[in-house]
Amino acid sequence: MAKAKISVNGYGTIGKRVADAVRAQDDMEVIGISKTKPNYEAAVAHQLGYNIYAPAENVEAFEKAGMPAAGSIEEMLEKSDLVVDCTPGGIGEKNKPMYEKVGIKAIWQGGESHTISGFSFNAESNYEQAVGRDLARVVSCNTTALCRAISTIDRELGVNKVRVSLARRAVDPNDIKKGPVNAIVLNPVKLPSHHGPDVKSVLPHINITTAATKVPTTLMHVHTVNMEVNKDCTAEDIRNIFGSQSRIRLIGQGITSTAEIIEFARDIGRPRHDMWELCIWPESITVTEKELYFFQAIHQESIVVPENVDAIRAMMELESDGAKSIEKTNKAIGLYNK
Ligand code: NAD
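Residues numbered from 1 in each chain as written. Predicted model: local features only at pLDDT ≥ 70, side-chain atom pairs only at ≥ 80, totals over all residues. Heavy atoms only, no water.

### Brief notes about the overall build of the protein
So, point 1. The helix and strand inventory of the protein stands at 12 helices and 16 strands.
So, point 2. Expected size for 338 residues packed as a compact globule is a radius of gyration near 20 Å; at 20 Å, the protein falls within 12% of this value.
So, point 3. Along the first, second and third principal axes, the C-alpha set of the protein runs to 65 × 45 × 40 Å.
So, point 4. Across the 338 residues of the protein, 54% fall into the buried class. (Helix = DSSP H or I, 4+ residues; strand = E, 2+ residues; numbered from the N terminus. Rg over C-alpha atoms; globule rule 2.2 N^0.38 Å. Buried < 20%, exposed > 50% of the residue type's maximum accessible area, 1.4 Å probe, protein only.)

Spelled out as structure tokens, the structure:
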């Protein structure tokens, strides 16, 4: 079968990881990535052998910088079956008419609103609904984490209610422009935060409310989750349910912080210290009368990456079974957590 032709528009934190993950699959290929300027990230993309496409007016600048562009972004789209838009939140919406004009399938990220595609994706929650679709949005890192945990428990026990308190990393490690450096910021002051409604864009039947703060760290987010379920269960049951999921990693062995999770990711040789799995502390899992509590940590730069690959596979009709796609994606990128 011919490989699906994929372009990645926006080669930043998410885009560079999505490009590498797509490249690792045997049923899809990267036609090109787009960069607006010939900076250090473009130079690395060039070294990695990606075809770089640029806004038509900037193509010459890439030539001068010694990393010739293969053409304009429009030309990249014309050669592709599907574009993964990884531009900053809000830009993706402006790109939509360009995708419509070329007549190409498109995936956006969590920085765009649900209405951009009318369908929000999480592989464990609604893979089958994505099969053959033209447009989809892979939900944000926090929402991906919540959907993974909630849909896993919902399938086994039924979820009645979820309440979550989120401590969000302030910025990504490479971001020198934003803060806070010394504050805990209510994000936002008005409750609930947008995360609960965003989970409902994937799991509409879940009763969920969220509150978020932004804290001065760049590594990961941490959630304190409280979930009410419909069936009696023990903490051991919950550990076994989470432990059976390939994209949930139970972490222990003395790890009590996000810093140690990242060190662990470095030690096991993960690219860019990526932790694609949702990390749950099994020791934190506590059950009192159908109510469970636990802590989870999310590597914001990478958790959505395998989701993008699965969304491509579903939309391109390369695989109709979500579990098979998840397994294939995991294997190709090296996600083995057992
Ligand atoms: P980023 O700023 O790291 O990368 C965006 C890239 O797009 C940059 O290289 C930028 O130069 C480029 N770009 C800007 N305008 C462009 C245009 N018009 N055409 C082509 N390229 C353009 O952003 P990011 O963190 O990768 O976020 C991308 C999307 O992923 C957003 O929707 C964001 O909300 C979402 N997301 C981010 C994270 C995270 O923690 N970083 C996690 C999950 C989802």
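There's plenty left to go through after this.
### Focus on the site of the ligand
So, point 1. Around the ligand, a shell composed of 20 residues is seen, among which Thr 13, Ile 14, Gly 111, Arg 169 and Asp 172 lie nearest.
So, point 2. With respect to the ligand, the backbone of Ile 14 contributes an N or O atom lying 2.9 Å from an oxygen atom.
So, point 3. Between a nitrogen atom of the ligand and a side-chain N or O atom of Asp 172, the distance comes to 2.6 Å.
So, point 4. In the complex, the protein chains occlude 77% of the 840 Å² of accessible area that the ligand would expose alone. (Near = heavy atom within 4 Å. Polar contact = N/O pair within 3.5 Å; in protein donor to acceptor, adjacent residues only side chain to side chain. Areas by Shrake-Rupley, 256 points an atom, 1.4 Å probe, with all protein chains shown as cover.)

### Side note on the packing of aromatic side chains
So, point 1. Under the defined criterion, the tally for this structure stands at four aromatic pairs.
So, point 2. Measuring from ring centre to ring centre gives 5.9 Å for Tyr 99 and Trp 108, while their planes differ by 45°; the resulting arrangement is tilted. Here Tyr 99 and Trp 108 have matching classes, each one buried.
So, point 3. Ring plane angle 70° and centroid distance 5.2 Å describe the contact between Phe 242 and Phe 294, whose orientation is recorded as edge-to-face. Taken together, the residues span a long stretch of sequence, with Phe 242 in helix α9 (residues 235–243) and Phe 294 in strand β16 (residues 291–298) at a distance of 52 residues. (Phe/Tyr/Trp six-rings, centres within 6.5 Å; stacked < 30°, edge-to-face > 60°.)

### A few points about unusual backbone geometry
So, point 1. Of note, the bond from Asn 187 into Pro 188 is cis; its omega dihedral lies within 30 degrees of zero at 0°.
So, point 2. Structurally, Pro 188 can be placed in the loop between β10 (185–186) and α8 (195–200).
So, point 3. The omega angle of the peptide bond from Leu 191 to Pro 192 is 0°, so this bond is cis rather than trans.
So, point 4. As for its position among the elements, Pro 192 is in the loop between β10 and α8.
So, point 5. One non-glycine residue, Gln 253, lies in positive phi territory at about 45°.
So, point 6. Its place among the elements puts Gln 253 in the loop between β13 (248–250) and α10 (258–267).
So, point 7. Notably, Lys 290 is not glycine yet its phi reads approximately 60°, a positive angle.
So, point 8. Relative to the helices and strands, Lys 290 is located in the loop between β15 (286–288) and β16.
So, point 9. We classify Lys 290 as partly exposed; its relative accessible area is 31%.

### Description of the pairing of strand β1 (residues 4–9)
So, point 1. Taking burial as the measure, the six residues of β1 include five buried ones, the bulk of the element.
So, point 2. Sheet analysis places β1 next to strand β2 (residues 28–34), joined by six bridges and oriented parallel. Each residue of the ladder has a partner; that of Asn 9, found in β2, is Ser 34.
So, point 3. Crossover connection from β1 via helix α1 (residues 13–23) to parallel β2: handedness right-handed.
So, point 4. The pairing of β1 with strand β5 (residues 82–85) spans four bridges and is parallel. When the bridges of β5 are listed, Val 8 appears paired with Val 84. (Pairing = 2+ DSSP bridges. Right-handed = clockwise from strand over helix to strand, strands pointing away.)

### Structural notes on the pairing of β16
So, point 1. As defined by bridge partners, strand β12 (residues 221–229) adjoins β16 across eight bridges and the pair is classed as antiparallel. By the bridge assignment for β16, Met 227 is matched with Leu 292.
So, point 2. Sheet topology places strand β14 (residues 278–280) next to β16; two bridges connect them, and they run antiparallel. Note that in β16 the partner of Cys 279 across the bridge is Ala 297.
So, point 3. Direction of pairing for β15 relative to β16: antiparallel, over a ladder of three bridges. Bridge pairing links Val 287 to Leu 292 in β16.
So, point 4. Hairpin connection of β15 to β16: two residues between the antiparallel strands, including Glu 289 at a positive phi of 45°.

### Structural notes on the pattern of salt bridges
So, point 1. What the rule picks out here adds up to 23 salt bridges.
So, point 2. Taking the shortest distance from any N to any O, the salt bridge between Glu 41 and Lys 16 comes out at 2.9 Å. Remark: Lys 16 occurs in helix α1 and Glu 41 occurs in helix α2 (residues 40–47); sequence separation between them is 25 residues.
So, point 3. Judged by relative accessible area, Glu 41 falls into the buried class, the value being 11%.
So, point 4. In this structure, a network of salt bridges that share partners links the residues Asp 27, Glu 124, Arg 148, Arg 247, Glu 307, Asp 310 and Arg 313. (Salt bridge = Lys/Arg side-chain N within 4 Å of Asp/Glu carboxyl O.)

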